[in-house]
Amino acid sequence: MPSKRLCYFTSQGAAAYLWEGGELRNEAAFGMNEEGVAEFSRYVAGAAGSLFYWLADVVEEDFHQENIPYVRGGDRRALLARKLAQRYRDTSLAVAISLGSEIHAGRREERILYTSFTNTQQFQPWLEALRSSGARVAGVFSVALAAASVGKRLGFKGARYVMVSLQRAGLRQSYFENGRVRFSRLGRVDFSDPRAIARDCAAESVRIHQYLVNARILPREAPPLDVLVLAPSEHKALYDAACVNSARLQFHVHDLDQVGRSLGLKSAPTETLAEGLFLHVLADSPPREQFADSGLRRFYHLWRARVGLVTGGAAVFGFCLLVFAAKLLDVHRANEQAATDRQQEIRMSEAYVRLQRTFPRTPISTENLKAVVKNYRTLLQQTATPGNLLAEISEAVTALPQIEIDKIDWEIGTGIKAPAGREAAKPPPVPSAQAQPPSAEFQVQTAEISVG
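Notes on the structure in this doc start here. (Residues numbered from 1 in each chain as written. Predicted model: local features only at pLDDT ≥ 70, side-chain atom pairs only at ≥ 80, totals over all residues. Heavy atoms only, no water.)

Comments concerning the overall build of the protein chain
The helix and strand inventory of the protein chain stands at twelve helices and 15 strands. Compactness check: the protein chain gives a C-alpha radius of gyration of 51 Å against a globular reference of 22 Å for 452 residues, more than 25% above the reference. Here the C-alpha coordinates of the protein chain stretch approximately 160 × 65 × 50 Å along the principal axes. Looking at the protein chain residue by residue over its 452 residues, the buried ones come to 36%. If you take every contact in the protein chain between residues at least 6 apart in sequence, the share linking residues at least 24 apart comes to 68%. A total accessible area of about 27200 Å² is found for the protein chain, and carbon and sulfur atoms account for 54% of it. Taken as two groups, the 54 positive and 48 negative side-chain charges of the protein chain have centres that lie 5 Å from each other. (Helix = DSSP H or I, 4+ residues; strand = E, 2+ residues; numbered from the N terminus. Rg over C-alpha atoms; globule rule 2.2 N^0.38 Å. Buried < 20%, exposed > 50% of the residue type's maximum accessible area, 1.4 Å probe, protein only. Contact = heavy atoms within 4.5 Å. Areas by Shrake-Rupley, 256 points an atom, 1.4 Å probe, with all protein chains shown as cover. Lys, Arg positive; Asp, Glu negative; His and termini not counted. Charge placed at Lys NZ, Arg CZ, Asp CG, Glu CD.)

Topic: the pairing of strand S9 (residues 161-167)
With seven of seven residues buried, S9 is to be regarded as a mostly interior element. By the alternation rule, side chains of S9 split into Tyr161, Met163, Ser165 and Gln167 and Val162, Val164 and Leu166, which are all buried. As paired elements, S9 and strand S10 (residues 170-177) share seven bridges and run antiparallel to each other. Paired with Ser165 across the two strands is Arg172, which belongs to S10. Between S9 and the antiparallel strand that follows it, S10, lie two residues. (Pairing = 2+ DSSP bridges.)

With respect to the packing of aromatic side chains
Tallying each qualifying case throughout the model produces 17 aromatic pairs. Judged by centre distance (5.3 Å) and plane angle (35 degrees), the rings of Phe9 and Trp54 are tilted. In this pair, Phe9 sits in strand S1 (residues 4-10) while Trp54 sits in strand S4 (residues 51-56), placing the two residues 45 residues apart along the sequence. Put simply, the rings of Phe9, Phe30, Phe40, Tyr43, Trp54, Phe117, Phe123, Trp126 and Phe291 pair up and form one aromatic cluster. We note Arg108 situated over the ring of Tyr70; from NZ or CZ to the ring centre the distance is 3.8 Å. The ring of Phe299 has Arg298 lying over it, and the distance from NZ or CZ to the ring centre is 5.0 Å. (Phe/Tyr/Trp six-rings, centres within 6.5 Å; stacked < 30°, edge-to-face > 60°. Lys NZ or Arg CZ within 6 Å of the ring centre and 35° of its normal.)

Topic: the sheet that holds strand S8 (residues 136-142)
Read from one edge to the other, the open sheet built from five strands follows the order S3-S2-S1-S4-S8, with strand pairing classed as mixed. Where the open sheet ends on each side, the last strands, each with one partner, are strand S3 (23-31) and S8. Adjacent strand axes in the sheet meet at a mean angle of 20 degrees when their direction is disregarded. Where S1 lies against strand S2 (residues 13-20), seven bridges are found, and the strand directions are antiparallel. Across the sheet, the residue bridging to Lys4 is Trp19, located in S2. The sheet contacts of helix H4 (residues 143-153) involve S4 and S8, and relative to S8 the element is tilted by about 85 degrees. (Axes fitted to C-alpha atoms, helices over the stretch in contact; angles between N-to-C directions.)

Regarding the sheet that holds strand S12 (residues 225-231)
In a beta sheet, neighbouring strands are held together by backbone hydrogen bonds and run either parallel or antiparallel to one another. Spatially, S11-S10-S9-S12-S13 is the arrangement adopted by the five strands of the open sheet, whose pairing is mixed. The open sheet is flanked by strand S11 (180-187) and strand S13 (249-255), the only strands paired with a single partner. Here the average twist between neighbouring strands, direction ignored, is 20 degrees. As paired strands, S9 and S12 are joined by five bridges and run parallel to one another. Residue pairing for S12: Val162 is matched across the bridge by Val227. Strands S9 and S12 of the sheet are contacted by helix H8 (residues 274-284), whose axis makes an angle of about 115 degrees with S9.

Let's talk about the side chain of Asp57
Tracing the chain through its elements places Asp57 in the loop between S4 and strand S5 (61-69). Residue classification places Asp57 among the buried residues on the basis of a relative accessible area of 1%. Reaching out from Asp57, the side chain makes a polar contact with the side chain of Gln167 at a distance of 3.2 Å. Among the polar contacts listed, one links the side chain of Asp57 to the side chain of Arg172, at a separation of 2.9 Å. (Polar contact = N/O pair within 3.5 Å; in protein donor to acceptor, adjacent residues only side chain to side chain.)

Given below as structure tokens:
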């Protein structure tokens, strides 16, 4: 598995991190200038075998929700592409996110959230460095998309809630509904005053609640809105004191370090804030939605195809090995059975020999005894009695009572039976080359009857 490198991008510059087994290590930082872009290009060229994840945390983000007819396939893709082109001048970093479907005015419609970075020019030099270096770019993500995965893994899956987090780019508030981002914004803060940041966290939560209600994103009669606050560990007490529950907001203040450990983040650079958690979640389980187009992700798709081919080949090879092992086992079992049969044959032969030794001795050899038995059987086959012949004679003379029989001379011999009657008068057939002589002799019985 190739290494994963994550780039955290703000309006001040970019920072590159290496992620390995839940550990995040800072590798480089780049300024927002041409020299920084050149250094970043050299950095990407030196890590050609890595997967790159781009996490953007900037102010210039747009979110717009709209319903479209419920269509699928190519018609849906064409419709979404046309809608994105109508709303944004540059759609290279724009994405349409499905929020589910609903029945409106008797017809089914799909709720779509269009989101994009409105100032795409600040991204282009950095993304061009990735593209020209042939980097495997897994995607371009926003903090709002990564924060949705954090909320789901913390148990906020189906409820409406706001996540407030502090990154080096500023204080971000993101509103989620049914596990999907609906709105997000980034505010500036004074990092030198942690107490003021805690107060801003509570104040901004009140403002975003008012905005959501005025924009009709959040119903006015909705129950208190949950606010998930990711507070730095050393200042959690300040956030607990500033974030007071009210009839509109229900605060849930979490220790950022404890949340990171619960999500599998083993270590992160000391200078990182909540972006370290979002980078870890991005590397561990990236969201399905992202902003990069297919051109930027071309080498990533080629790598996935190659991995798929290798994995498929390995699977087929493994299956062939299993079949070969099964056949080899069958051959082994057949050989064992043949060996067992041969041993049994040897044992039976030895038992037969031992049994023969128990027979009483005969005055002649076994071969001569077999010949005598064969001759005896031949004699039995050739032995005949006049019973049947006498029965035929009796049937013949029964109708002639005047005939008195004095004696009957009976003889037996072998040979070809002579024809009688009309058959005797016929000339013998001309022998043919294909005619075959009789193959066996049969018994001939002769009875000479003397009458008085």
